[in-house]
Amino acid sequence: MAICNQSHFRSISLSPPSTSSLFLSKPTSSTFTFRFHSFRCNSTLLSKTLEAEPEPVLTAVKTFAPATIANLGPGFDFLGCAVDGVGDFVSLRVDPDVCPGELSISSINGVGDSSSRLSKDPLLNCAGIGAMSAMKMLGIRSVGLSLSLEKGLPLGSGLGSSAASAAAAVVAVNEIFGRKLSSSDLVVAGLESEAKVSGYHADNIAPAVMGGFVLIRCYEPLDLIRLSFPIDKELFFVLVTPEFEAPTKKMRAVLPLEIEMSHHIWNCSQAGALVASVLQGDLRLLGSALSSDTIVEPKRAPLIPGMEAVKKAAIDAGAFGCTISGAGPTAVAVTDDEETGKKIGYRMVEGFINDGGLKASAIVRRLDRVGARIVSNCPR
């Protein structure tokens, strides 16, 4: 049993919404106040009881987990999606030199200064915590494992870096021992890692494991709803990351304690529209909804130099919508055409340079519909 005493929702507030709007008319101020109440969560580490410790079916495996976009504007802490083509790799092998039931991290490599900033202590590393949680679920006592982490995502980017490491690790453990755990089990194992790093929220780890769009309906018990984006529709994310770090804990700390009832109603309606747009494949509605958060984005955007100008530049360049990816600083815009996406990205980079004084890089990627998966393996 894992005990989480962290609040999933932080009580938040905001002054009345601005009268300006990119797409829709926003609500007027209300004298009523709505409060989010915090709660405690007790997450059972295994949804089913294993009859016996499983034998390894592979001696080594390499897995990949994609980057993720959390919140998607009004979906704070309960909506997220996976992004194709960028993420983290984990290589895991049965290692007779590691004590039975234990995990060793042999190496960390990748973009930026990941290797120097991340600990090889499994208790202090996202991949290590996730892997050990999965081992605990499976009751592994007779086999030692060695893990190597290759970071494809920069730290503190707003692209689910910690979740990608954890997701790749839990899937690797599950593959080694014959896929005994369900997707929900793997998300819970990854949540143990997220709880220690940035808080007990699954809007990164769930899509990193499951792929596509995921709605977190409830945490106790964990209730995940995968939202199917139509296979015949094109969706491109324009991801622009400035050379600026926005740690999740710092970005959560700026959220106030109360919100106006009008903001609560507005954001709920936009989150509902966002879900409808995903299911219908309506990118114009999706862009409109993700651009319309009046609770979280207005508090975080001023902390990211140039963010407001970048959002305007994306819309002016033809994006259907733009918002902060996760806690930032990456800005995400949506479009239905890759070439258009490249032009949008160029304008967004200009926005960060000219208005934020920050160098930035842009990539255009599709929706990842698969989630964390095996890349290669070595049978026993």
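First, a word on what this report is: a plain description of the structure on this page. (Residues numbered from 1 in each chain as written. Predicted model: local features only at pLDDT ≥ 70, side-chain atom pairs only at ≥ 80, totals over all residues. Heavy atoms only, no water.)

## Topic: the overall build of the protein chain
Convention followed: For helices the rule is a DSSP run of H or I covering at least 4 residues; for strands it is a run of E covering at least 2, with both sets numbered from the N terminus onward. Relative accessibility under 20% of the residue-type maximum defines a buried residue, over 50% an exposed one, and the middle range a partly exposed one, all with a 1.4 Å probe and only protein chains included. Throughout, a residue-residue contact means that at least one pair of heavy atoms, one from each residue, lies within 4.5 Å. Computed with a 1.4 Å probe, the accessible areas rest on the Shrake-Rupley method; for each residue, only the protein chains presented here act as cover.
Scanning the protein chain from terminus to terminus reveals 11 helices and 15 strands. Here the protein chain holds 380 residues, and 55% of them are scored as buried. Here the contacts in the protein chain between residues at least 6 apart in sequence split such that 78% fall between residues at least 24 apart. Total accessible area on the protein chain is roughly 15,700 Å²; 52% of this is exposed by carbon and sulfur atoms.

## A closer look at the sheet that holds strand β14 (residues 360-366)
For the record, the criterion: Strand pairing is assigned whenever DSSP detects at least two bridges linking the two strands. Angles shown run from 0 to 180 degrees and are taken between the N-to-C directions of axes, each axis being a line fitted to C-alpha atoms and, for helices, limited to the stretch in contact.
Across the sheet, four strands lie side by side as β12-β13-β10-β14; this open sheet has antiparallel pairing. Single-partner strands in this sheet number two, and they are β12 (321-324) and β14. Put simply, the sheet's adjacent strands are angled 20° from each other on average, direction ignored. Against the sheet, helix α10 (residues 307-316) makes contact with β12 and β13 (331-335), and its axis sits at roughly 160° relative to β12, the strand it touches most.

## Topic: the side chain of Asp95
Rules: Definition of a polar contact: a pair of N or O atoms within 3.5 Å, with one able to donate and the other able to accept a hydrogen when the atoms are protein atoms, and with sequence-neighbouring residues admitted only if both atoms are side-chain atoms.
Mapped onto the elements, Asp95 comes out in the loop between β5 (79-94) and β6 (103-110). We classify Asp95 as buried; its relative accessible area is 7%. Polar side-chain contacts of Asp95 include one of 2.9 Å to the backbone nitrogen of Asp97. Not counting residues up to four positions away in its chain, the partners in contact with Asp95 are Gly144, Leu145 and Ser146.

## Structural notes on the pattern of salt bridges
As a reminder, the rule being used: Here, a salt bridge means any side-chain nitrogen of Lys or Arg that lies within 4 Å of a carboxyl oxygen of Asp or Glu.
Taken as a whole and assessed by the stated rule, the structure comprises 15 salt bridges. Of the charged contacts, one joins Glu245 and Arg117 as a salt bridge, the two residues approaching to 3.0 Å between their closest N and O atoms. Taken together, the residues span a long stretch of sequence, with Glu245 in the loop between β10 (236-242) and α6 (248-253) and Arg117 in helix α1 (residues 114-117) at a distance of 128 residues. By relative accessible area, which is 34% here, Glu245 ends up partly exposed. A salt bridge links Glu339 to Lys342; its shortest N-O distance comes to 3.3 Å. Of this pair, Glu339 and Lys342 are both found in helix α11 (residues 338-356), three residues apart, which corresponds to roughly one turn of the helix. Using a relative accessible area of 46% as the deciding quantity, one classes Glu339 as partly exposed.

## A word on the environment of Leu227
In this fold, Leu227 is placed in strand β9 (residues 222-227). Along the backbone, Leu227 and Gly212 are 15 residues apart, and their C-alpha atoms lie at a distance of 7.1 Å. Once residues lying within four places of it in the same chain are set aside, the contact partners of Leu227 are Leu79, Phe213, Leu215, Val275, Val278 and Leu279.

## Side note on the packing of aromatic side chains
What counts here: Only centres within 6.5 Å qualify two rings of Phe, Tyr or Trp (six-membered ring in Trp) as a pair; their planes then separate them into stacked at under 30 degrees, edge-to-face at over 60, and tilted for everything else.
The full count for this structure, using the stated rule, is three aromatic pairs. Taking the centre distance of 5.0 Å and the plane angle of 50° together, the rings of Phe64 and Phe89 count as tilted. Of this pair, Phe64 sits in strand β4 (residues 58-70) while Phe89 is found in strand β5, placing the two residues 25 residues apart along the sequence. Given the relative accessible area of 25%, Phe89 is considered partly exposed. Plain terms: the ring middles of Tyr200 and Tyr219 are 5.8 Å apart, the flat faces sit at 55° to each other, and that makes the pair tilted. Of this pair, Tyr200 sits in the loop between α4 (183-197) and α5 (205-210) while Tyr219 is found in strand β8 (residues 213-219), placing the two residues 19 residues apart along the sequence. As far as the burial class goes, Tyr200 and Tyr219 line up, both buried.

## Quick notes on unusual backbone geometry
Here Glu220 and Pro221 are connected by a cis peptide whose omega angle stands at 0°. Within the fold, Pro221 resides in the loop between β8 and β9. Each neighbour pair has its own omega, and for Gly328 with Pro329 the value is 10°, a cis peptide bond. Among the structural elements, Pro329 can be located in the loop between β12 and β13. For Leu72, which is not glycine, the phi dihedral falls at a positive 50°. With respect to the helices and strands, the residue Leu72 is situated in the loop between β4 and β5. By relative accessible area, which is 4% here, Leu72 ends up buried.

## Focus on α4
Applied cut-off: To estimate the expected span of a helix, subtract one from its residue number and multiply by 1.5 Å.
Between the first and last C-alpha of α4 there are 21 Å, a value that for 15 residues agrees with the 21 Å anticipated at 1.5 Å per step. Along α4, 11 of the 15 residues are buried, which leaves the element largely enclosed by surrounding structure. When α4 is considered as a whole, its buried residues turn out to be Asp185, Leu186, Val187, Val188, Ala189, Gly190, Leu191, Glu192, Ser193, Glu194 and Ala195. Looking one or two residues beyond α4, the residue adopting positive phi is Gly199, at roughly 120°.

## Digging into the packing of α10 against α11
Inclusion rule: If an angle is under 35 degrees, it is roughly parallel; if it is over 145, roughly antiparallel; if it lies from 65 to 115, roughly perpendicular; otherwise it is oblique. Working rule for handedness: look at the near helix, and if it is turned counterclockwise from the far one by less than a right angle, call the crossing left-handed; if clockwise, right-handed. Polar here means any residue outside two lists: the nonpolar Ala, Val, Leu, Ile, Met, Phe, Trp, Tyr, Cys and Pro, and the charged Asp, Glu, Lys and Arg; Gly therefore counts as polar.
Where α10 contacts α11, the two axes come as close as 8 Å, and the packing angle between them is 155°. In terms of orientation, α10 lies roughly antiparallel with respect to α11. Crossing hand, α10 versus α11: right-handed. Where α10 abuts α11, its residues Met307, Ala309, Val310, Ala313, Ala314 and Asp316 lie against Ile344, Arg347, Met348, Gly351, Phe352 and Asp355. Broken down by class, the residue content of the contact of α10 with α11 amounts to eight nonpolar, one polar and three charged.

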